[in-house]
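Below are the chains, spelled out letter by letter.
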Amino acid sequence: MASIKDIAKLCGVSVATVSKALNDKTDISEETKQHIKQVAKEMGYVPQYYARAIRTNKSYNIGVLFMDDAMSGLTHDYFSYILNSFKVTAEKKGYDITFINSDQTHNKHKTYLEHCRYRGLDGVMIACINFDNEDVKALIQSDIPVVTVDRSYPNTISVMSDNINGMESLVEYIISQGHKRIAYFSGEDSTVTTQRINSYQNTMRKHGLEIPEEYHIRTEYRNLAAARKYTKLLLSLPTPPTCIIYQDDYSAVGGMELIREMGLSVPEDISVAGYDDIFIARQLQPRLTTVHQDTEVIGCLAAEQLIALIENKKRGSFEPIIVGSHLEKGESVGKITE
């Protein structure tokens, strides 16, 4: 197989000049560039990354399967940071990223698994998608290395935020501020949702606090309209809560807007908390009380674990990898002195 040195010798130029020509740099003449490219073609030159792929039987390409129910894609505040960290880490280790087509209405003839095989992907990171989908199950159960984010799956490596302790610290803080009537909006069914619901309920029970049925509202993540609708419903109850925990910071924005439209103030009339600590949470007035999830570490670990699987490094356990979270107290939870 021809090398850059072979091409340089035949063309009578330096290795640096050949490299510039093959990478379409502008500081050499077009005539020299085209001549070098032609010689490289005639000699059967294969770029280093292709040569590495042939030598190792790997494509050095990782797939990402990602789709939330709101179809927000890369504008998803929380997962966009995870995906960016995942991408940066993978690229540092020499891997490219390919997004797998999750819109199956336009991809009727290929399953996720077929798409991965067609693209020759070495592995896949799966996040924020319906894990009960048969095509998703087939991909996870295939011989293609898979790592999941925020969802545990049998015999699969998963990277998750510490939802149990995160929610507990949030509820404990709200209770320490004197609140006893605390409502909670939970998102769609998932491992994350179940962990947070259980943590919320267990913490309330530990303090002997009741949770009226109407205080626990099941809705969707990142849904402003639903947040507004159910906030109004809660505040219209004969005995409304003194604090509302929203399933995510984005929904909390919708709730706070509705509260202000009702002529009420946060936290003077009603306290509010969110979850995720996305950028917008730090811009709100008052600053939102929320739980910070370390998206950079989650994305980095997901990439490292997947690449370790691809490169056949042994792993002794499929226990979920839990990434710590911490409370951001903000200013949206007031103190009740009565």
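Remember, predicted model here, so these are calculated numbers, not experimental data.

## A look at the sheet that holds strand β8 (residues 243-245)
Right, on to step 1. Pairing is parallel across the open sheet formed by four strands, whose spatial order is β7-β6-β8-β9. Every other strand in the sheet has two partners, leaving β7 (216-218) and β9 (271-273) as the edge strands with one partner each. Averaged over all pairs of adjacent strands, the angle between their axes in this sheet comes to 15 degrees, without regard to strand direction.
Right, on to step 2. Sheet topology places β8 next to β9; three bridges connect them, and they run parallel. Note on β9: the bridge partner recorded for Ile244 is Val272.
Right, on to step 3. Running at roughly 175 degrees to β8, helix α8 (residues 163-176) makes contact with β6 (182-186), β8 and β9 of the sheet.

## A closer look at the confidence of the model for the chain
Note: predicted coordinates in regions of low pLDDT should not be interpreted at a detailed level.
Right, on to step 1. With 90% of its residues at a pLDDT of at least 70, the chain reaches an overall mean of 88.
Right, on to step 2. Mean pLDDT across the elements of the chain ranges from a minimum in helix α4 (residues 48-56), with 53, to a maximum in β8, with 98.

## Let's talk about the packing of helix α10 (residues 224-235) against helix α11 (residues 249-261)
Right, on to step 1. Contact geometry of α10 with α11 gives a least axis separation of 8 Å together with a crossing angle of 50 degrees. Taken together, the axes of α10 and α11 are oblique relative to one another. Both α10 and α11 take part in a crossing whose hand is right-handed. Taking contact as the criterion, the partners of Leu224, Ala227, Arg228, Thr231, Lys232 and Leu235 in α10 are, on α11, Tyr250, Ser251, Val253, Gly254, Gly255, Glu257, Leu258, Ile259 and Glu261.

## Brief notes about the nonpolar core
Right, on to step 1. In terms of nonpolar packing, the biggest core is built from 25 residues, with Ile62, Phe86, Met125 and Val149 touching the most fellow members.
Right, on to step 2. Sorting the residues of this core by element identifies β1 (61-66), α5 (77-92), β3 (123-127), β4 (146-149), β5 (157-161), α12 (295-310) and β11 (321-323) as the ones contributing at least two each.
Right, on to step 3. Met125 has contacts with Gly63, Val64, Leu65, Leu83, Phe86, Val147, Val149, Ala302 and Leu306, leaving out every residue within four places of it along the chain.
Right, on to step 4. By size, the runner-up hydrophobic cluster in this structure holds 19 residues, among which are Ala183, Ile217, Ala252 and Ala281.

## A word on the pairing of β3
Right, on to step 1. In terms of burial, β3 is largely enclosed, as five of its five residues are buried.
Right, on to step 2. Burial along β3 is two-sided: the face carrying Gly123, Met125 and Ala127 and the face carrying Val124 and Ile126 are both buried.
Right, on to step 3. Two elements, β1 and β3, share five bridges in a ladder whose sense is parallel. Following the sheet pairing, Val64 is matched in β3 by Met125.
Right, on to step 4. Judged from the four bridges that link them, β3 and β4 form a sheet pairing that is parallel. Each bridged residue has a counterpart across the sheet, and for Ala127 the counterpart in β4 is Val149.
Right, on to step 5. With respect to chirality, the unit in which β3 leads through helix α7 (residues 134-140) into the neighbouring parallel β4 is right-handed.

Reading the values: the criteria
Residues numbered from 1 in each chain as written. Predicted model: local features only at pLDDT ≥ 70, side-chain atom pairs only at ≥ 80, totals over all residues. Heavy atoms only, no water. Pairing = 2+ DSSP bridges. Helix = DSSP H or I, 4+ residues; strand = E, 2+ residues; numbered from the N terminus. Axes fitted to C-alpha atoms, helices over the stretch in contact; angles between N-to-C directions. Contact = heavy atoms within 4.5 Å. pLDDT = per-residue confidence, 0-100. Parallel < 35°, antiparallel > 145°, perpendicular 65-115°, else oblique. Left-handed = near helix turned anticlockwise from the far one by under 90°. Core = buried A, V, L, I, M, F, W, Y, C linked by side-chain atoms within 4.5 Å. Buried < 20%, exposed > 50% of the residue type's maximum accessible area, 1.4 Å probe, protein only. Right-handed = clockwise from strand over helix to strand, strands pointing away.

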